[in-house]
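Coordinate inspection notes
Single-letter residue listing:
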Amino acid sequence: MKYLKIVISFALSIGIFYALNTKFGSIPPIGKFLNPYTGVWLNETDETLNGEVLVEGLKDKVTVHYDEQLIPHLFAQNNTDLYKAQGYITAKHRLWQMEFQTFAAAGRLSEIIGESALNYDREQRRKGMIYGAENSLEVIQKDEISLSHIQAYCDGVNAYISELQPENYPVEYKLLDYKPEAWTIDKTMHLLMYMTDMLCGRDSDFEYTNALREFGKDRFDILYPDFYDFDDPVVPTETDWSFIDIKKTPIPETELPMDLVSTVMEKPSPHNGSNNWAVGPSKSYSGNPILANDPHLGLNLPSIWYVMQIATPEHNSMGATLPGTLGIISGFNEHIAWGETNATRDVKDWYKIEFNEDRTKYKYDGGWSDVTIRVEDIKIKGKETFKDSVMYTRHGPVSYDHNFKGDSEKVGYAMKWAGHIGHDFVSLFLKLNNGKNYEDYKEALANHVAPAQNFVFASTEGDIAIWIQGLFPNKWEGQGKFLMDGSNPDHEWQSYIPREFNAHTKNPERGFISSSNQHPTDSLYPFYVFNDGYDSYRNRVINDFFRSKEKFDIQDFKDLQNTNFNKKASELLPYMFDHMDTSSLTSEEHEILDIIKDWDFNSNIDKLAPSIWDSWWTNLYVLIWDEYDQKEDMVLDKPFAYNAISMLKNNPEDDFMDILETPEKETAHDLFLIAFKETANELSKWKAENGAFNWQYYKGTYVAHLLQGLPAFSRFDLPIGGDRNTVNAAGRNWGPSWRMIVEMTSPPTALGIYPGGQSGNPGSKYYDNFIDDWAVGKYHQLNFLPFNEANDKIIGTQTLKPNSNE
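Each chain carries its own residue numbering, running from 1 in the direction its sequence is written. Given that the model is predicted, a residue must reach a pLDDT of at least 70 before its local features are reported, and side-chain atom pairs must reach 80 or more before they are shown or counted; all residues, however, enter totals for whole chains, interfaces and linings. Side-chain numbers come from the whole structure's heavy atoms, not from hydrogens or water.

1. Focus: the confidence of the model for the chain
Looking at the chain, the pLDDT average stands at 93 and 94% of residues meet or exceed 70. Per-residue confidence from the prediction method is given by pLDDT, with values spanning 0 to 100. Here a residue-residue contact requires only that any non-hydrogen atoms of the pair lie within 4.5 Å. With pLDDT under 50 throughout, residues 8–27 is counted as low confidence; its partners more than four residues away or in other chains account for 27 contacts.

Okay, structure coming up:
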């Protein structure tokens, strides 16, 4: 019995669980959890895949075919029933996950976890997460179609919740001792804000301001260049931008605030990224376009994605859905395929706010403007509600003030973020799901605001395209890179880049398109775009691959998605070998050096060299930027890896190469040796404690349950190679969260896999059954049904029927 292991593990480690997870507050109610009539044992059930189910509110029957992967194929007679059924079926398999993520998004974790989540909840409220969701809901309420479809989805979720008794609640509700709420449109909006924050909620304005003040502009521009010495952007370099007839906003003659900022809120992971690409007919083995997508996100159980097919007589689409919202996010229909990568554009800026004596007004344009107060009531499990008064300005919420991470009653810092601008995120994907050609795809993207994404496209008509889409401010050179003056109108966003001038390409001459979070364009694009952490390695490996031969097939796409070639290591290690003095190395150190010298730069699981490289680079990077670590009174972001490597090779005697704590004047060549000796020592200790330091176990990729610290619900030491800088961008707890390949046959032929399983129930055999195949680079055929007819891959058929008692 699968839960026997879980319960034994839980019972033996409950003290450790509590100690390591103080964010969960009090010890879980183990008596209720183990109750034989209502507890965890009731969750050890197989999914019901056949028969009839009465669902409140349906107009007609909906057929649900389940295939051998537990992927549901929904066939409805109308859109209202379709999205109601999507909500119902998604809740059936992922209810706790979808609700827990909305609690996290809305800053409500204290309600179920306790006071230790208060700081997190305050950050979410002070980011304006609920505020942004409300703004988008206002827009959606003006679109009767989107609103009715979201409501249908909510009704479907609630129809499932209404069937549940406490003994049937997902196990996590029992573990944390709470129950599901009714699903509302607000929850769906909160979930969409959660994704928006995850994908475009990062910024470095305070860190760069500190660096500019500390190092000066000339030094800053060397450390943080907007462009590197290579051009391989999303949109090909040969693109002609002469059709753009609007100029970049001119630089105002004003000064920037140079405040020292010592602490900031937690930010989304810098590892969140993705790959996508497509080849057109001229480079396809079959003459059909082929498209691929693999979003790189945190690896969790239940998985962030849930695969479905959803169809009516008017449209039929399949792919990865986001539990909690409707439609297919990354997928295909009978005519087109689409996928996304993060565009990494800077759409969040910070403004210094100066208050009057009683903090009811703030300085603006030579006068004073009124502050708006939003009182955030944060409920705390077992304690009184915490009230947090958040001030709002014309720029947005004052996230930092003397009540939260600030030290002055008269100064605060307000956030201006595209994520707060109301927009109809749902309409975008519903239109893609219904699209038939390039014009439909283009129209679907037309009003997208945030998060900025690189939307890749392919069609059965033979077109391929990519649009870098979002609502982008037309910034002056340098705007948004540093803290700005909230009292100066010239520092506001003066206008937006017209959507038709967003970077894009259709059917480029080279025959392929790709994006992997690199720079969107070359330096000739007439609007200001600065380097906000763009990829420097995966993009070149991908584009070099598609330049390497004339034709590509499905196996080529699989190989590319799973390639572990480490271009970053290949560009630095030969230089290090040539310039490191090895005369002082011990015999053991020479053995380690010989291993990495023989490396082919593929970070495969059975090799030792990737572990040596990972440790060596980590130690070297710390040594280069020890000056940053000395400045403990301020937040700073160290320069990106590509620029650090450029400095090592081209400016080896730069002052940053000197280690502050030693009397000697070190160079880059000295750092190579010092870092290597540290690595040899670390790996010797690792070997003594753990055995051979092969990459699988040294890296230790794992997929953790959303409630961190539940090992029985998680998977560890997965046999997957790669690292952040390889196309197969698998790190310790992040990586390819969904791999998809679609050939635009009629109907399309598709493959897909993700690191999880369709069920959110840890007691189900479908909970994590995809992980092993995902780790070794295998794919599952996506069983796209052109019609409402079961084939030999279908293992069960369920019919959702209207409740005749209504």
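2. Looking at the sheet that holds strand β20 (residues 484–485)
Taking strand neighbours across the sheet as the criterion, the 4 strands line up as β16-β17-β11-β20 in an open arrangement whose pairing is mixed. Both outer strands of the open sheet, β16 (398–400) and β20, are each paired with one neighbouring strand and no more. Pairing between two strands requires that DSSP report at least two bridges joining them. For the purposes of this entry, the term helix denotes a DSSP run of H or I that reaches at least four residues, the term strand denotes a run of E that reaches at least two, and both are numbered from the N terminus. In this sheet, strand β17 (residues 411–417) lies alongside strand β11 (residues 348–354) in antiparallel orientation, the contact comprising 7 bridges. Following the sheet pairing, W350 is matched in β17 by M415. To obtain an axis, a line is fitted to C-alpha atoms, over the contacting stretch when the element is a helix, and the angle between two such axes runs from 0 to 180 degrees between their N-to-C directions. Contacts from helix α10 (residues 205–215) reach β11, β16 and β17 within the one sheet, and its direction differs from that of β11 by about 70 degrees.

3. Digging into the packing of helix α16 (residues 567–579) against helix α18 (residues 609–624)
Between α16 and α18, the least distance of the axes is 12 Å, while the angle of their chain directions is 75 degrees. It follows that α16 is roughly perpendicular to α18 by the angle criterion. Contact with α16, carried on its side by K568, A569, L572, L573, M576 and F577, involves W613, W616, W617 and L620 of α18 and no other residues of that element. When grouped by side-chain class, the residues that make up the contact of α16 with α18 number 9 nonpolar, no polar and 1 charged. Put simply, angles under 35 degrees are roughly parallel, angles over 145 are roughly antiparallel, angles from 65 to 115 are roughly perpendicular, and the rest are oblique. Here the term charged refers only to Asp, Glu, Lys and Arg, the term nonpolar to Ala, Val, Leu, Ile, Met, Phe, Trp, Tyr, Cys and Pro, and the term polar to all other amino acids, Gly among them.

4. Some points on the side chain of R510
Checked against the element boundaries, R510 lands in the loop between β21 (504–506) and β22 (512–515). Here's how the labels work: a residue is buried when its accessible area is under 20% of the maximum for its type, exposed when over 50%, partly exposed in between, all with a 1.4 Å probe on protein chains only. Residues scored as positive are Lys and Arg, those scored as negative are Asp and Glu, and His as well as the terminal groups of each chain are ignored. In the sections that follow, a salt bridge refers to a side-chain nitrogen of Lys or Arg positioned within 4 Å of a carboxyl oxygen of Asp or Glu. We note that R510 is buried and unpaired, the nearest opposite charge coming from D232 at a distance of 4.6 Å. Throughout this description, a polar contact denotes any pair of N or O atoms lying within 3.5 Å of each other; where both atoms belong to protein, one of them has to be capable of donating a hydrogen while the other can accept it, and for residues adjacent in sequence the pair is counted only when both atoms sit in side chains. Side-chain polar atoms of R510 contact the backbone oxygen of F512, separated by 3.0 Å. Not counting chain neighbours up to four residues away, the residues in contact with R510 comprise V234, P236, K283, N543 and R547.

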